[in-house]
Amino acid sequence: MPPRVSIIIPFYNCAYVDQAIVSALSQTYPDKEIIVVDDGSTRHQDRITPYLPWIHYLGKSNGGTASALNHGIRHSSGDYIAWLSSDDRFYPHKLTAQIAGLSLSQATVGFTNYEVVDEHGRVMDAPNFPTDDGNTRHFTTSSKLYAYMLQYNPINGCTIVMHKELFRRYGLFDETFKYTQDLEMWLRLAAAGVRMEFLDEKLTQYRFHPAMGSRNHQQAAEQEVAVLRARYNPVIAARIAAMETEK
């Protein structure tokens, strides 16, 4: 039997949520559950109503993305957790490709390349991940990924598939970080030496639009990033040095 994947969709007043739900329902992967967590929304819930027979719809008071993700994870039944923001979309074969890749690599976390689309769903661009030689992606080893993470965040949260056991072992998303809860989690995993597998396929559409939180709270996010760098970078740098010594 294939492992079950729980797709968590945090929702707060987002007009694109129906598109996110359709992309989750359209996954070719056979064993999945879709959990929409309403984080105290006051509008656009009507866009969810047509899909209620096929999803789990959870309500809660407003607490931010991390709290909504954690609420969904606590109520999930999957072996793996996938995160889909309510304004983003998965390509239909996303979970199938990632679960197959994780099975082959025996990694417990996987992330992928992605496309950027505008408010109308038109493709804008894709991230320029670094390469070693013009062909090989820079994330071919854990030490190379960790080194890149000392300065940048290469992991889009909606490209992640993560084994649920990792949340039991290392904890849920840190709700004190309102805008960088994703980066905090990836740095926490890197500091612990967790292997993260990169699949260089564009399997998610990340929507860049005027109402998105990362655009409207940039200064607060930068302050959180500074705190995270001070906390985790020395630990990750020491781990990289130890890994290089062991070669």
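Look above for the structure.
Residues numbered from 1 in each chain as written. Predicted model: local features only at pLDDT ≥ 70, side-chain atom pairs only at ≥ 80, totals over all residues. Heavy atoms only, no water.

Trainee: Any details on the pattern of salt bridges? Residues and values, ideally.
Mentor: Applying the stated criterion across every chain, the model contains 6 salt bridges. In this structure, R122 and D118 form a salt bridge, with 2.8 Å as the shortest nitrogen-oxygen distance. (Salt bridge = Lys/Arg side-chain N within 4 Å of Asp/Glu carboxyl O.)

Trainee: Could you give an account of the packing of aromatic side chains, with specific residues and numbers?
Mentor: Applying the stated criterion across every chain yields a total of 9 aromatic pairs. Between F167 and F173, the aromatic rings sit 5.9 Å apart at their centres with planes inclined by 45°, giving tilted as the arrangement. Of the two residues, F167 and F173, neither departs from the other in class, the shared state being buried. Centre to centre, the rings of F173 and W186 are 6.2 Å apart; their planes meet at 80°, and the pair counts as edge-to-face. Taken together, the residues F173 in the loop between α5 (164-170) and α6 (181-191) and W186 in helix α6 connect sequence positions 13 residues apart. For F173, a relative accessible area of 7% puts it in the buried group. A connected cluster of aromatic rings, assembled from ring pairs, spans F111, F139, Y148, Y152 and F198. (Phe/Tyr/Trp six-rings, centres within 6.5 Å; stacked < 30°, edge-to-face > 60°. Buried < 20%, exposed > 50% of the residue type's maximum accessible area, 1.4 Å probe, protein only. Helix = DSSP H or I, 4+ residues; strand = E, 2+ residues; numbered from the N terminus.)

Trainee: Quick one: what's the story with the side chain of K164, residue by residue and with numbers?
Mentor: Structurally, K164 can be placed in helix α5. Here K164 occupies a buried position and makes no salt bridge, while the nearest side chain of opposite charge, E33, is found at 6.4 Å. With residues up to four places along the chain from it excluded, the contact list for K164 reads I73, S76, S77, G78, D79, Y80 and I81. (Lys, Arg positive; Asp, Glu negative; His and termini not counted. Contact = heavy atoms within 4.5 Å.)

Trainee: So, the nonpolar core: which residues are in play, and what are the values?
Mentor: The biggest cluster of nonpolar side chains holds 42 residues, and the ones touching the most others in it are M162, F173, W186 and M196. Examining the composition of this core, we find that 7 residues originate from one element, α6, more than from any other. With sequence-adjacent residues up to four places away left out, F173 is seen in contact with A66, L69, N70, I73, W83, F167, Q181, D182, M185, W186 and R188. I21, V36, I48 and I99 belong to the second-largest nonpolar core, a separate cluster that totals 25 residues. (Core = buried A, V, L, I, M, F, W, Y, C linked by side-chain atoms within 4.5 Å.)

Trainee: Quick one: what's the story with helix α2 (residues 65-74), residue by residue and with numbers?
Mentor: Summarising burial for α2: 8 of the 10 residues are buried, a large majority. Buried within α2 are the following residues: A66, S67, A68, L69, N70, H71, G72 and I73. The elements touched by buried residues of α2 are β1 (5-11), β2 (32-39), β3 (56-60), β4 (80-83), α5 and α6.

Trainee: Describe the environment of A97, with residues and values.
Mentor: Relative to the helices and strands, A97 resides in helix α3 (residues 94-105). Remark: the alpha-carbon pair of A97 and T131, spanning 34 residues in sequence, is separated by 22 Å. In this view, A97 contacts L199 and L203; residues no more than four positions away in its chain are not counted.

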